[in-house]
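# Overview (structure and organization)
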Amino acid sequence: MLTKLLGIKEFKFPYSDFDFPGKHSQEKVLFVTRESEKILFIRLFLVFLATLFFFLSLLFSLKVVQTFIFISPSLLRSIIFYSIVITLTFFLLAVWWFITLWEKSVFIVTNRRLTKIIYTSPWNKYHLSLNLDKIVDGGAYQKGFLQPLLGLGYFVARSSAGNIKNFKIVNIDFAEDLHNYLTKLLYTFNTHKQQLENFRPFIPYMKGEERRRFAPEYYQEENN
């Protein structure tokens with residue numbers, strides 16, 4: 001049974017059993033990723049700070065009101081209790097929202113195309129694909145100070161298709177390695193298309209001989 005990509009917390013090689021909406025029966029998944037988990041942690045931390053600020057503001061406002069209006073102890077306890085309930089509810093909903101969007105939004109490389117499924121809410125999404133024959137070239141770069149600090153980057157595939165100018169993935173790890181991989185994939189697509197069926201998947205964090213030992217079946221033809 002194929003594993004559905006959407007909602008998987010961590011993608012690991014091999015990707016052969018993964019499935020996604022619109023995948024062709026003969027299409028081979030070469031790589032799957034999503035926005036870096038570091039960005040998710042930053043968002044959740046900001047949500048925590050916003051929630052804490054909201055709660056402290058309520059308490060401060062209550063303290064100011066008490067200087068002008070007498071509030072009975074029972075009413076005060078009720079106000080504080082409901083303030084905690086409202087704040088905690090907001091925090092949990094925000095955490096659920098951001099984690100759900102992060103888990104469902106994915107970027108996929110296959111031997112036919114690049115695909116991204118991006119959720120703008122837990123219920124709404126857009127699905128964009130770019131066939132390999134429409135890719136002119138690709139690139140990887142970093143912006144601002146946060147991406148170099150966290151080791152993240154942008155991955156871009158420039159397109160010849162009129163409706164898609166730049167196919168962009170933001171805040172991913174190993175963006176430069178992915179760009180180099182795409183270059184090799186496009187070269188094989190343009191010059192040795194028959195080899196795409198056995199084109200090796202992209203295995204992050206592995207170089208040279210380490211990758212050969214980990215997945216030797218993809219290097220048999222090179223060694224012969």
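Here, every reference points to the structure presented above.
Reference entry: report on the structure contained in this document. Counting restarts for each chain, with residues numbered from 1 along the sequence as it is written. Only residues with pLDDT of 70 or above have their local features reported here, since the model is predicted, and side-chain atom pairs are shown and tallied only from 80 upward, although totals for entire chains, interfaces and linings are computed over all residues. With hydrogens and water excluded, all non-hydrogen atoms of the structure serve as input to the side-chain values.

Turning to the packing of aromatic side chains, a few remarks are in order. Only centres within 6.5 Å qualify two rings of Phe, Tyr or Trp (six-membered ring in Trp) as a pair; their planes then separate them into stacked at under 30 degrees, edge-to-face at over 60, and tilted for everything else. In total, this model carries 12 aromatic pairs according to the counting rule given. Here the aromatic rings of Tyr 141 and Tyr 154 are separated by 4.9 Å at their centres, their planes lie at 10 degrees, and the arrangement is stacked. Note that Tyr 141 is positioned in strand E7 (residues 135-141) and Tyr 154 in strand E8 (residues 152-159), a separation of 13 residues in sequence. Here's how the labels work: a residue is buried when its accessible area is under 20% of the maximum for its type, exposed when over 50%, partly exposed in between, all with a 1.4 Å probe on protein chains only. Given the relative accessible area of 32%, Tyr 141 is considered partly exposed. For Tyr 154, a relative accessible area of 15% puts it in the buried group. The lysine or arginine in question, Arg 34, covers the ring of Trp 102, its NZ or CZ lying 4.5 Å from the ring centre. Per the convention used, a helix needs a DSSP run of H or I reaching at least four residues, while a strand needs a run of E reaching at least two, with both numbered from the N terminus. Here, a charge over a ring means that NZ of Lys or CZ of Arg falls within 6 Å of the ring centre while also lying within 35 degrees of the ring normal.

With that settled, consider the pattern of salt bridges. Between Lys or Arg on one side and Asp or Glu on the other, a salt bridge is scored when a side-chain nitrogen of the former is within 4 Å of a carboxyl oxygen of the latter. Within the structure shown, the criterion is met by four salt bridges. Across the salt bridge formed by Arg 113 and Glu 27, the nearest N and O atoms sit 2.7 Å from each other. Taken together, the residues Arg 113 in strand E5 (residues 113-119) and Glu 27 in the loop between strand E2 (18-19) and strand E3 (29-33) connect sequence positions 86 residues apart. Here Arg 113 matches Glu 27 in class, with each residue buried.

Definition used in this section: a nonpolar core is a set of buried Ala, Val, Leu, Ile, Met, Phe, Trp, Tyr and Cys residues joined via side-chain atoms within 4.5 Å. One finds Val 109, Leu 114 and Leu 178 to be the most contacted residues of the largest nonpolar core, which totals 24 residues. It only takes one pair of heavy atoms within 4.5 Å for two residues to be counted as in contact. Excluding anything up to four places from it in sequence, Leu 178 contacts Phe 31, Phe 107, Val 109, Phe 155, Ile 172 and Phe 202. Formed by 10 residues, the second largest nonpolar core is a distinct cluster that contains Val 29, Val 32, Leu 101 and Ile 117.

By this definition, two strands are paired if DSSP reports at least two bridges between them. The strand order E3-E4-E5-E6 describes an open sheet built from four strands, whose pairing is antiparallel. Unpaired on one side and paired on the other, E3 and strand E6 (125-131) mark the two borders of the sheet. Pairs of neighbouring strands in the sheet enclose a mean axial angle of 15 degrees, with direction left out of account. Bridge analysis of E5 against E6 gives seven bridges, and the strand direction is antiparallel. In the sheet register, Arg 113 faces E6, and the bridge partner there is Asn 131. Helix H4 (residues 175-191) contacts E3, strand E4 (106-110) and E5 of the sheet and is inclined by roughly 30 degrees relative to E4. Axis lines are fitted to C-alpha atoms, over the contacting stretch for helices. Their N-to-C directions set the angle, which ranges from 0 to 180 degrees.

This part covers unusual backbone geometry. Here Asn 171, not a glycine, exhibits a phi torsion of approximately 55 degrees, which is positive. Along the polypeptide, Asn 171 turns up in strand E9 (residues 166-173). Backbone geometry at Phe 174 places phi at a positive 45 degrees, although glycine is not the residue there. Inspection of the secondary structure puts Phe 174 in the loop between E9 and H4.

The next point concerns helix H2 (residues 73-104). The span one expects for a helix is its residue count, reduced by one, times 1.5 Å. Taking 1.5 Å per residue as the helical rise, H2 with its 32 residues ought to reach 46 Å, and the 46 Å between its terminal C-alpha atoms agrees with that figure. The elements touched by buried residues of H2 are helix H1 (37-66), E4 and E5.

Residue position: Asn 111 is located in the loop between E4 and E5. Polar contact criterion, stated in full: a pair of N or O atoms within 3.5 Å, where within protein one must be able to donate a hydrogen and the other to accept it, and residues adjacent in sequence count only if both atoms are side-chain atoms. From its side chain, Asn 111 meets the backbone nitrogen of Lys 28 in a polar contact 3.0 Å long. Discounting residues that sit within four places of it in the chain, Asn 111 has contacts with Gln 26, Glu 27, Lys 28, Leu 30, Leu 132, Leu 196 and Glu 197.

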